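This is what each chain is made of:
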Amino acid sequence: MKYSLSRSAFCRTIQLGELEALHIQHPRFSADILLQGAQIIRFAPVGTDNWLWLSEDASYRKNASVRGGIPICWPWFGQLACNPQHIRSQITTGPAHGFARSQEWTLTQLSESAHGINLVLTLENTEQTHALWPFRFRLEAHFSLGKRLELQLKTVNLDNQTFSISQALHSYFPTQDIRLTQIEGFNHTGYIDTLDHWQEKQQNGSIRFTGETDRIYLTGGCQRIRTPDSVCEIQTLGSNSTVVWNPWIRKSRQLTDFAADAWTRMLCIETANALHDSLTLAPGEEHIMGLSLSRNHAPD
Ligand code: TA6
């Protein structure tokens, strides 16, 4: 059931290129969430810049993910062929990162207060999705925006058969310089290096970037992005795998809507259920994977 914005104090719909977005102007923050893919592309508490990175070359087209913010990768993460057998075996082919990010979601809940806003965007199976992935499902993106950015993605199996998924909240973060950025929270954690024959390796200390980086860390929990001028903390829920990605110079040239030097100003830390951490849901079963972002200024 579509929620009407007619009585909303802080939310209205706007048009960005071919796409419709929820534009939120709250006394404490502003935000923009695309209805396509339930993709939040901007969250800026008063007095701060966007906590999320959004490509300056981003285009807003139907059926194409927008470069930045938090794309929702579902019902598989990455290339289908790189997924575990029980996920690959459900269908023959499909787009990288699944189809949820290119579907039109519906605003189904909204509550507003002086402290912030809670809203839910929902996607249910359609003929189009069923042709791609033959299962009945409900997907709910629960946003809780205020002092923090909280996003919880709930998958519900509405079918009479079991299905398996992998998924990720493909969060893009800004930095003044990736070469002066480090990620804490993965010390002594194993990771799969997708750029080195998917070998398992061990992380020692903080993650630093000296080249193209595309790793699946075998843990969730509390992570910290330390950039030259801020510290962003990510608290995850229902996730035991995290993708860390920066395309660096060469890969950047292969990316859509991505300036040649944009790699210096962004990184992705993606809360996931991937590989060993993928999920199998029985009929009626549900799973919630989520993140909570908070941010403060780096100590001088
Ligand atoms: O999450 C990392 C990754 O899988 C990279 O390998 C790269 O493909 C990136 O996602 C971007 O994918 P996209 O389809 O959004 O261009």
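Here goes a summary of the coordinates provided.

What counts and how
- Residues numbered from 1 in each chain as written.
- Predicted model: local features only at pLDDT ≥ 70, side-chain atom pairs only at ≥ 80, totals over all residues.
- Heavy atoms only, no water.
- Helix = DSSP H or I, 4+ residues; strand = E, 2+ residues; numbered from the N terminus.
- Core = buried A, V, L, I, M, F, W, Y, C linked by side-chain atoms within 4.5 Å.
- Buried < 20%, exposed > 50% of the residue type's maximum accessible area, 1.4 Å probe, protein only.
- Contact = heavy atoms within 4.5 Å.
- Pairing = 2+ DSSP bridges.
- Axes fitted to C-alpha atoms, helices over the stretch in contact; angles between N-to-C directions.
- Salt bridge = Lys/Arg side-chain N within 4 Å of Asp/Glu carboxyl O.
- 1 Å grid on protein atoms, 1.4 Å probe; cavity = no way out; pocket = protein on both sides within 12 Å on 5 of 7 lines; lining within 4 Å.
- Points joined across faces, edges and corners; volume = space filled by probe spheres on them.
- Nonpolar A, V, L, I, M, F, W, Y, C, P; charged D, E, K, R; others polar.

## Focus: unusual backbone geometry
Then, in step 1: In this chain, W74 is followed by P75 through a cis amide linkage whose omega measures 5°.
Then, in step 2: Considering the arrangement of structural elements, one finds P75 in the loop between β5 (72–73) and α1 (85–88).
Then, in step 3: Phi at A38 is positive, roughly 50°, even though this residue is not glycine.
Then, in step 4: Topologically, A38 is positioned in the loop between β3 (29–34) and β4 (39–45).

## Structural notes on the nonpolar core
Then, in step 1: Core analysis: the largest hydrophobic core is formed by 72 residues, its most contacted members being W74, W105, L119, L121, W133, L145 and L149.
Then, in step 2: A total of five residues in this core trace back to one element, the largest contributor, which is strand β8 (residues 137–145).
Then, in step 3: Beyond its immediate stretch of four places on either side in the chain, L145 contacts I24, F29, A31, I33, I40, F43, H115, G116, I117 and N118.

## Examining the sheet that holds strand β2 (residues 19–25)
Then, in step 1: The strand order β1-β2-β3-β4 describes an open sheet built from four strands, whose pairing is antiparallel. If you trace the sheet from one side to the other, it starts and ends with β1 (11–16) and β4, each paired once. On average, adjacent strands in this sheet sit at an angle of 20° to one another, irrespective of strand direction.
Then, in step 2: Where β1 lies against β2, six bridges are found, and the strand directions are antiparallel. Across the sheet, L16 pairs through a bridge with L19, a residue of β2.

## Focus: the pattern of salt bridges
Then, in step 1: Using the criterion set out here, one finds 16 salt bridges in the structure.
Then, in step 2: A salt bridge links D177 to R179, with the shortest nitrogen-to-oxygen separation between them at 2.9 Å.
Then, in step 3: Assessed through its relative accessible area of 17%, D177 is described here as buried.
Then, in step 4: By relative accessible area, R179 is classed as partly exposed at 46%.
Then, in step 5: K201 is the salt-bridge partner of D193, the closest N and O atoms lying 2.9 Å from each other.

## With respect to the layout of surface pockets
Then, in step 1: Each pocket or cavity is described by its volume, and for the largest pocket that value is around 720 Å³.
Then, in step 2: Considering the residues around the largest pocket, the lining is formed by 30 residues, among which G78, Q79, H97, D214 and K251 are closest to the centre.
Then, in step 3: Only β17 (213–217) and β20 (241–246) provide two or more residues apiece to the lining of the largest pocket.
Then, in step 4: For the lining of the largest pocket, the residue count by class is 14 nonpolar, 10 polar and six charged.
Then, in step 5: Looking at the second largest pocket, its volume works out to about 340 Å³.
Then, in step 6: Around the second largest pocket, the lining is made up of 18 residues, and of these D49, N50, P174, S230 and R295 lie nearest the centre.

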